[in-house]
Amino acid sequence: MEQRAIMSDRETGEQIIEACQKGDREAFRLLYEAHKNRVYSTALYFFGGDEASAADITQQVFLKLFTKIEQFRSEAEFTTWLYRLAANACIDEQRKRSRFSFFGDAFEMLNVREKKSQEEQFIRIEMAEAVKQAVAALRPKLRLAILLKYFEDLSYEEMAAVLGCSKGTVASRLNRGHKILARRLGHLRETLVRGEQ
Amino acid sequence: MYGKHVTRELSAYCHGELPTADSRRVSEHLLGCSRCRKEFEAIKFGVRLAEHLPRSAAPDSLWEKIEASLPKKFAAPSAIEPRQRRRFTLPFTDLAFALTRGWPRAAAASFAALLLVGFSAALWYYVRPSGSAWEVASLAGAPTIGSERVSKSGRLAVGEWLETDTSSRARINVANIGQVEIEPGTRVRLVETRLTEHRLELARGRLHALIFAPPRLFFVNTPSAVAADLGCAYTLEVDDRGRSLLHVTSGWVALELNNRESIVPAGAACETRPQWGPGTPYFTDASETFLRSLLQFDFEGGGSAALAAVVAEARARDTLTLWHLLSRVAEADRSRVYERLARLAPPPAGVTRDGVLRLDQEMLNAWRTALESVWLQESAPALRKAWRSIWK
């Protein structure tokens, strides 16, 4: 939290970017430390908890970042680009994996008996694990919107810049994502209330 | 009456992303539209679920792999001046290195890590977002937060009790969504404050709440019910036996306990009792016979005799009470309540006698939506005034 508080200082952030542009490895390390967990968490939950994939995506994102660092003139521009890079890396990797291309439909495509066993499974696992799986089952665009909002804590305007769409589209994707989560995890409503009391 | 539906805007509304005028429009629509309220509950539940996603830390070994793959040009000595580097790193770092000069590298690193944990914990405690505590102003006397007296102002953190004696009063700023005034002889605790829920516990005494927020963001727990704000101003009082009395001055409040819910509009009141939960809401200008009989029915086992008196005394405005009674009376008495309610305010198209008597939820909700315009009509001038004062 302290790192983020420091990195949000515009003057400091721009000095770090400037140092990176001059090839300062220590500055790169600071930049990496400030953003690594958000990028990693987003990739981790995008791929349903797959740590190897999350590590690969994170490595990819930061290596690409370091090679393109000369392009940036402001911290705001850099941040938007970083998250856009992370989002695109997740989507591109998703497309490569044909078995995941239907994952967003998998929940709906399960027959009644399998769905029932999935629901029974959800009841048994912890709330966080249940939500993680439900998020991983969302269609990629909805999944990404949820992760950018709740891990990156971006505003709708920032998310629109990252995703290259309108604020209305961001709102629509989050709306659909929230409703699907609520529908699929409705049986956990009482558990949620008990856990929050 | 409430314009087109607002379901597409509900996530943005929940996240505070709408302009003020649009936010007000959505709030007003939610007051009167049960369909959109239902969607809003689903969206809020989805938000609360998403908030449970745990963050994960990237593995420590990842930097080594990245560093090993960096292009050769990234080997320049650091261009960051020592004072700038200090601003980039936690301030204890230089201290840690100074203290451990000459130590073996691993030991120095462990020591620095220990300092990091301790410093971060302390730093988090002092710089944690203000959303975890509410501002309190003393209006009279010296209220206390825990064992500390509040002379002018203070902060009420989650888990802490605010108490006023017979001569003190206080005002609490409820996050950024409203205010609660605490009367003398009152004890309240901050239970929770976050994006989708702000909650107080009222153990005894009286408070006045003025909330300008989406429905079901602000709650007050009492010993015999939970008051859920639906966008309103109200007074809530708890006595030493845990009984509560709610008076709503604008907007709506829901009182809930164990699947029993009373929706209370402006101008109406509702009592709650431990072991019973919320009673049946009523407009306070009903006749004495009506009010006494309703009390007997709700909490004193008055049965069919008390119910008969309530039904006989009911006016058009008292359809608020009659509608709630439909699902609370014995099956044998339900037709009596239905007949009186239908005579005072005929059910809308699609709502049948048979459906209501078997407690078809969709039909009950549809009738309630139609009745709300009657309940609100008499409260509308006060409601509009309250909303104008909140949103101007």
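All values derive from a computational prediction rather than experimental measurement.

Undergrad: Help me understand the overall build of chain A in this model?
TA: Scanning chain A from terminus to terminus reveals twelve helices and zero strands. Reading chain A from its N end, one meets helices and strands in the order α-α-α-α-α-α-α-α-α-α-α-α. For chain A, with 197 residues in total, the buried portion stands at 51%. Taking the intrachain contacts of chain A between residues at least 6 apart in sequence as the baseline, contacts between residues at least 24 apart amount to 65%. Element-wise, carbon and sulfur atoms account for 47% of the exposed surface of chain A, whose accessible area totals about 9300 Å².

Undergrad: Explanation requested: the layout of surface pockets in the structure shown.
TA: A probe as big as a water molecule, rolled over the atoms, marks out the empty space that is left. Residues and elements named next belong to chain B. The space that makes up the second largest pocket amounts to roughly 2000 Å³. Among the elements that take part in the lining of the second largest pocket, helix H3 (residues 34-50) stands out by supplying eight residues, more than any other. Among the residues making up the lining of the second largest pocket, the classes are represented as 13 nonpolar, ten polar and 21 charged.

Undergrad: What is the right way to read the side chain of B:Asp333 from this model?
TA: Residues and elements named next belong to chain B. Within the secondary structure layout, aspartate 333 lies in helix H11 (residues 331-344). Of the side chains bearing the opposite charge, arginine 336 lies closest to the buried aspartate 333, which forms no salt bridge; the N-O distance is 4.2 Å. At 3.1 Å, the side chain of aspartate 333 and the side chain of serine 304 are in polar contact. With residues near it in sequence (within four places) discarded, aspartate 333 still touches Ser304 and Leu307.

Undergrad: Is there a simple way to think about the packing of aromatic side chains in this case?
TA: Each pair of aromatic rings is reported with the distance of its centres and the angle of its planes. Evaluated as defined, the whole model comprises eleven aromatic pairs over all chains. Judged by centre distance (5.6 Å) and plane angle (65 degrees), the rings of B:Tyr338 and B:Trp367 are edge-to-face. Linking B:Tyr338 in helix H11 with B:Trp367 in helix H13 (residues 361-391), this pair joins segments that are 29 residues apart in sequence. B:Tyr338 gets classed as buried once you look at its relative accessible area, which sits at 7%. Geometry around B:Phe45 places A:Arg189 over its ring, the cationic atom sitting 4.1 Å from the centre. The lysine or arginine in question, B:Arg187, covers the ring of B:Trp161, its NZ or CZ lying 3.9 Å from the ring centre.

Undergrad: Sorry, what's going on with the pairing of strand S6 (residues 169-174) of chain B here?
TA: Regular strands have side chains that alternate between both faces of the sheet. All names here are of chain B. Every second residue of S6 is oriented toward a common face, the buried set being Ala170, Ile172 and Val174 and the non-buried set Arg169, Arg171 and Asn173. Summarising the sheet, S6 and strand S7 (residues 178-182) pair through five bridges and their orientation is antiparallel. Within S7, the residue paired with valine 174 across the bridge is glycine 178. In this structure, the hairpin formed by S6 and S7 is closed by a connection of three residues, where alanine 175 is found at a positive phi of approximately 45 degrees.

Undergrad: Would you explain the pattern of salt bridges in this entry?
TA: Side chains that differ in sign of charge can pair as their charged atoms come close. Residues and elements named next belong to chain B. Taken as a whole and judged by the stated rule, the model has 26 salt bridges over all chains. The partner of glutamate 197 in a salt bridge is arginine 199, and the shortest N-O contact between them spans 2.9 Å. By the burial criterion, glutamate 197 is buried, and arginine 199 matches it. For arginine 243, the salt bridge is made with aspartate 239, and the minimal N-O distance between the two is 3.1 Å. You can call aspartate 239 partly exposed: its relative accessible area is 27%.

Undergrad: Hey, could you run me through the packing of helix H3 (residues 25-46) of chain A against helix H4 (residues 61-69) of chain B in this one?
TA: Each pair of packed helices can be summarised by the angle the axes make with each other and by the distance between the axes. Running from amino to carboxyl end, H3(A) crosses H4(B) at an angle of 140 degrees, the nearest separation of the two axes being 12 Å. By the angle class used here, H3(A) and H4(B) are oblique. Note on packing geometry: the crossing formed by H3(A) with H4(B) is right-handed. On H4(B), the residues touching A:Arg25, A:Phe28, A:Arg29 and A:Tyr32 of H3(A) are B:Leu62, B:Trp63, B:Ile66 and B:Glu67. Residues belonging to the contact of H3(A) with H4(B) are distributed by class as follows: five nonpolar, no polar and three charged.

Undergrad: Please explain the side chain of A:Lys149 as it appears in this structure.
TA: With respect to the element layout, A:Lys149 can be found in helix H9 (residues 140-150). Notably, A:Lys149 is buried but unbridged: the nearest opposite-charge side chain belongs to B:Glu17, and the N-O separation is 4.5 Å. If we ignore the near neighbours within four places in the chain, the residues touching A:Lys149 are A:Leu154, A:Tyr156, A:Met159, A:Leu174, B:His15 and B:Glu17.

Undergrad: Teacher, can you tell me more about the environment of A:Phe28 here?
TA: With respect to the secondary-structure elements, A:Phe28 resides in helix H3. For the pair formed by A:Phe28 and A:Phe62, sequence separation is 34 residues and the distance between their alpha carbons is 9.3 Å.

Undergrad: Even after reading the chapter, I still don't get the packing of helix H8 (residues 288-299) of chain B against helix H9 (residues 303-313) of chain B, so can you show me in this structure?
TA: All names here are of chain B. Two elements in contact, H8 and H9, have axes whose closest approach is 8 Å; the angle formed by their N-to-C orientations is 150 degrees. Here H8 lies roughly antiparallel to H9, going by the angle between them. You can see that H8 and H9 cross each other, and the crossing is left-handed. Residues Thr289, Phe290, Ser293, Leu294, Gln296 and Phe297 of H8 lie in contact with H9, whose contacting residues are Gly303, Ala306, Leu307, Ala309, Val310 and Glu313. Taken together, the residues that form the contact of H8 with H9 break down as seven nonpolar, four polar and one charged.

Undergrad: Would you take a moment to explain empty space enclosed by the protein for this structure?
TA: Applying the stated criterion to the full structure yields one cavity of 30 Å³ or more. Taken as a whole, the largest cavity encloses approximately 40 Å³ of empty space.

Undergrad: Just checking my understanding: could you explain the environment of A:Ser53 for this structure?
TA: Residues and elements named next belong to chain A. Relative to the assigned elements, serine 53 resides in helix H4 (residues 51-68). Between the C-alpha atom of serine 53 and that of alanine 43, which follows or precedes it by ten residues, the distance is 7.4 Å. In this structure, serine 53 is in contact with Phe47 and Arg97, ignoring residues within four places of it in sequence. For serine 53, the side chain forms a polar contact with the side chain of aspartate 50, separated by 2.6 Å.

What counts, and at which threshold
Residues numbered from 1 in each chain as written. Chains lettered and ligands numbered in written order. Predicted model: local features only at pLDDT ≥ 70, side-chain atom pairs only at ≥ 80, totals over all residues. Heavy atoms only, no water. Helix = DSSP H or I, 4+ residues; strand = E, 2+ residues; numbered from the N terminus. Buried < 20%, exposed > 50% of the residue type's maximum accessible area, 1.4 Å probe, protein only. Contact = heavy atoms within 4.5 Å. Areas by Shrake-Rupley, 256 points an atom, 1.4 Å probe, with all protein chains shown as cover. 1 Å grid on protein atoms, 1.4 Å probe; cavity = no way out; pocket = protein on both sides within 12 Å on 5 of 7 lines; lining within 4 Å. Points joined across faces, edges and corners; volume = space filled by probe spheres on them. Nonpolar A, V, L, I, M, F, W, Y, C, P; charged D, E, K, R; others polar. Lys, Arg positive; Asp, Glu negative; His and termini not counted. Salt bridge = Lys/Arg side-chain N within 4 Å of Asp/Glu carboxyl O. Polar contact = N/O pair within 3.5 Å; in protein donor to acceptor, adjacent residues only side chain to side chain. Phe/Tyr/Trp six-rings, centres within 6.5 Å; stacked < 30°, edge-to-face > 60°. Lys NZ or Arg CZ within 6 Å of the ring centre and 35° of its normal. Pairing = 2+ DSSP bridges. Axes fitted to C-alpha atoms, helices over the stretch in contact; angles between N-to-C directions. Parallel < 35°, antiparallel > 145°, perpendicular 65-115°, else oblique. Left-handed = near helix turned anticlockwise from the far one by under 90°.

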